[in-house]
Amino acid sequence: MPLHSSTCPLDCPDACGVLVETDERGRFVRLKGNPAHGWSRGVLCAKTALYGEVITSPARLTTPLVRDAAGELVPATWDEAVRRIATRVRGVPGERILAAWYAGNMGLVAKKFPLRAMHALGAAIVDGGLCDNTATAGYENVLGAVIGPDLDDVLDADLVVLWGSDVARTVQHLQPKLQKLAKAGVPIVAIDVYRTETIQALEKWGGEGLIIRPGSDAALALELARLAFERGRADRAFLERECVGADEFEAHVFASTDLERAARATGLAPERIVELARLFFDARRPLVKTGVGWTRRRHGGMSMRAVCSLAAVLGIAERVHYESFATFSLAETALEKPELRPAGSPPRSVRHVALGAALESRAYDVLFVWGHNPAVTCPDASRVRRELEKDELFVVVHEQFLTETAERADVVLPATTFVEATDVYRSYGHRYLQYSRRSCAAPGEARSNVHAFAAIARELGLPRETWDVTEEGLCEELFAASRHRLSPEQVERLRRGEPVKVTPPSRADLGGWGTPSGKIELASDAAVRLGEPRCATYVEDRTEREHGAFWLVAAPSRYTHNSTYSHSPRHVALNGPPKVFVNPEDAAARGLADGARVRLHNRRGALTLTVAITTDMPRGLVRVDGLPRAADVPEKVGINALVAPDVSDLGDGNVLYSTRVDLGA
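Reading guide: rules and limits
- Residues numbered from 1 in each chain as written.
- Predicted model: local features only at pLDDT ≥ 70, side-chain atom pairs only at ≥ 80, totals over all residues.
- Heavy atoms only, no water.
- Core = buried A, V, L, I, M, F, W, Y, C linked by side-chain atoms within 4.5 Å.
- Buried < 20%, exposed > 50% of the residue type's maximum accessible area, 1.4 Å probe, protein only.
- Contact = heavy atoms within 4.5 Å.
- Helix = DSSP H or I, 4+ residues; strand = E, 2+ residues; numbered from the N terminus.
- Axes fitted to C-alpha atoms, helices over the stretch in contact; angles between N-to-C directions.
- Parallel < 35°, antiparallel > 145°, perpendicular 65-115°, else oblique.
- Left-handed = near helix turned anticlockwise from the far one by under 90°.
- Nonpolar A, V, L, I, M, F, W, Y, C, P; charged D, E, K, R; others polar.
- Arc of directions from axis to C-beta.
- Salt bridge = Lys/Arg side-chain N within 4 Å of Asp/Glu carboxyl O.
- Pairing = 2+ DSSP bridges.
- Phe/Tyr/Trp six-rings, centres within 6.5 Å; stacked < 30°, edge-to-face > 60°.

Peer 1: Give me the lowdown on the nonpolar core, citing residues and values where you can.
Peer 2: Of all hydrophobic cores here, the largest spans 167 residues; its most connected members are W163, F280 and F368. The residues contacting F280, other than those within four sequence positions of it, are L159, V161, L224, V288, L310, L314 and I316. One finds L178, V186, I188 and A190 within the second-largest nonpolar core, a separate group that totals 21 residues.

Have a look at this one:
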């Protein structure tokens, strides 16, 4: 049967190579891994291996829906739905239109092309702060362009430190390489706030886990940096050559921390901190792999600054892998075309984490949503849901399923899956780029983001660039605009469906490290302008507004990914009923038995979940995996109903892991 080269579209750093098998009539048969993909090498994770259930689900939306006079969503033709949108939107000032998009599909065209119409309308656009904005801002503040080492070369490492990265659930194709290193005797240390699946695996292989108190990462990193200075293990030549503010940072760490203070902050014994320092000092090619979740706190940007500053002190700045998206540096604005904005309508962004408050302000009459389920994934989710239901707001959603957001829309347009559209995919974990052509016909009247928003733009009479397009043509526009990054030979290989490994921009291309000074900034004027200390500083995570006996850890799920797999019966069955994982002593103190039902709550909301008692959780922390479906919770809400719409110290990011909750009545 025919095989078509494609890429997993999920918001995941592995961006695996996929082969789509179809029958002779072009109908979907199954997915399998692409052995020609240099990172995933023919292996799919357990989640993507079952993606076919999403593609072939009988619950897929196959016809547009519009809300009738009785308030019900009823089937309509595309022409009727698009006319309904145009009638409602025409005449609305651009400043009263809001676009909310995200990473439901990581294809660059699927994500970015609808922004052409939004720019042409003069709309406001969310800033995308739900996931990695904080980590990115912290990294860029110190180390500049987010490139990091090539993870293909991880087997050369003589020490691996996984800092807040549960690779068993989030970077699964890295795990076999780590196992090989561990069995060869290379030290591997995972730093996290509970005994993750990664730590459990490392313990079997000879590695170890360091469990620290939530939010104390900066305290640990700064003490390690102080020890490096104190014991003559700082790379003075590197600091002199590549950094600014080294003397100021050295004085800062000696004034602000010592071994006892770091031990109190982190909960680690002093000797364990010293032993971790020794591992760093003795390594010649260490790799620090950071995750994202540990930075989703009020002071998460500061924590990332501290880890990056430690790497600079040790002279291993190029050995910190957070993400790799700046490796590609494609001309993505060619897809968006912000120059289409009307005169006098500069780009305006809205804090994504505070979407509910933005809608509640009544500043917007129209909301467009694509690649996103904000009723589930945004903080303060109950407020988001309430505002989506208000008659004053006209909501247009382009979706594959009748999600919690689509249920509250005025017009729902049926969307394609990744096998039914053509797109370009880059990773944010490795360095492979891929061009994925449409493999199958879409069911019913489902249309891609390009076709859907082009139809709306044409009906609204927007500029020709917003509607006289094709998916293939847009991919070519991206390639042409990115000639500075892609050679003609690479583009030809992409057109043939080959995964292409991209070389990062050089220091000359970046003007140094990509910071304002061009050097690593251990002392940052840019941070001061944002109201932050010049040097990375440990700040305890606390606020008068947060009450509750427990930190909430909203961890990655083993079986689901965002809300996509809520529509896959096998994924839902594997995940089981929503659980809250609790330390045995905490459970005993509240009279909770394994399997009992308990109310997880704070002042923003409550969810009743099943108790799962485990020694993997330290006292004072409770964990919920993934995004429990509202349908599976008596209160009919998800975990983000408990999360504040506050912003982090840098990047206006999510503070999910700064959430406090209680158990019981």
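Peer 1: Can you tell me about helix α4 (residues 114–121), naming the residues and giving the values?
Peer 2: Burial within α4 is extensive, with eight of its eight residues counted as buried. Where α4 is concerned, the buried positions are P114, L115, R116, A117, M118, H119, A120 and L121. G122 sits one or two positions beyond α4 and adopts a positive phi of about 80°.

Peer 1: I'd love a proper account of the packing of helix α2 (residues 78–89) against helix α19 (residues 449–459), names of residues and values included.
Peer 2: Helix packing for two helices is described by the angle between their axes and how far apart those axes are. Look at α2 against α19: their axes get within 9 Å of each other, and the N-to-C directions meet at 55°. Viewed along their axes, α2 and α19 adopt a mutual orientation that is oblique. As for how α2 packs across α19, the hand of that crossing is right-handed. The residues of α19 that touch α2, namely those facing W78, V82, R83, I85 and A86, are A452, A455, I456 and E459. Residue composition of the contact of α2 with α19, grouped by class: seven nonpolar, no polar and two charged.

Peer 1: Pulling in residues and values, what's your account of helix α7 (residues 175–183)?
Peer 2: Residues of α7 that are buried include every one of Q175, K177, L178, L181 and A182, and no others. When α7 is viewed along its axis, its buried side chains cluster within an angular range of 155° and face the same direction. Across α7 from its buried face, at more than 90 degrees, point the exposed residues K180 and K183. Where α7 is buried, its residues touch β8 (159–163), α6 (167–170), β9 (188–192) and α8 (197–205). G185 lies just past α7 and shows a positive phi near 95°.

Peer 1: I'd like to hear about the pattern of salt bridges, residue by residue, with values.
Peer 2: Scanning the model with the defined rule gives 50 salt bridges in all. Taking the shortest distance from any N to any O, the salt bridge between D365 and R96 comes out at 2.6 Å. Of this pair, D365 sits in the loop between α16 (355–360) and β15 (366–370) while R96 is found in the loop between α2 and β6 (97–101), placing the two residues 269 residues apart along the sequence. Residue classification places R96 among the partly exposed positions, given a relative accessible area of 27%. Ionic pairing is found between R507 and E318, a salt bridge with its closest N-O pair at 3.0 Å. Of the two residues, R507 sits in helix α22 (residues 507–510) while E318 sits in the loop between α14 (300–313) and β13 (320–321), which places them 189 residues apart along the sequence.

Peer 1: Outline the sheet that holds strand β10 (residues 208–211), supporting the account with residue identities and numerical values.
Peer 2: If you trace the five strands from one edge of the open sheet to the other, you get β10-β9-β8-β12-β13, paired in parallel fashion. The open sheet has two edge strands with one neighbour each: β10 and β13. Bridging between β8 and strand β12 (residues 286–290) involves five bridges; their strand directions are parallel. Counterpart to V161 in the pairing with β12 is V288. Lying over the sheet, α8 contacts β8, β9 and β10, oriented at roughly 155° with respect to β9. Where α14 meets the sheet, it contacts β8, β12 and β13, and its direction lies at approximately 170° from that of β12.

Peer 1: Quick rundown of the packing of aromatic side chains? Include the residues and the values.
Peer 2: For the structure on display, the rule yields nine aromatic pairs. Residues F238 and W513 carry aromatic rings whose centres are separated by 6.4 Å and whose planes lie at 85° to one another, so their mutual orientation is edge-to-face. In this pair, F238 sits in helix α10 (residues 236–242) while W513 sits in the loop between α22 and β21 (520–521), placing the two residues 275 residues apart along the sequence. Accessibility classification places F238 together with W513 in one group, the buried group. With 5.5 Å between their ring centres and 85° between their planes, Y435 and F479 make a pair best called edge-to-face. Separated by 44 residues along the polypeptide, Y435 in strand β19 (residues 432–436) and F479 in helix α20 (residues 471–481) bring together distant segments of the chain. By the burial criterion, Y435 is buried, and F479 matches it.

It is worth stressing that arrangement in space is one thing and function is another; only the former is reported here.
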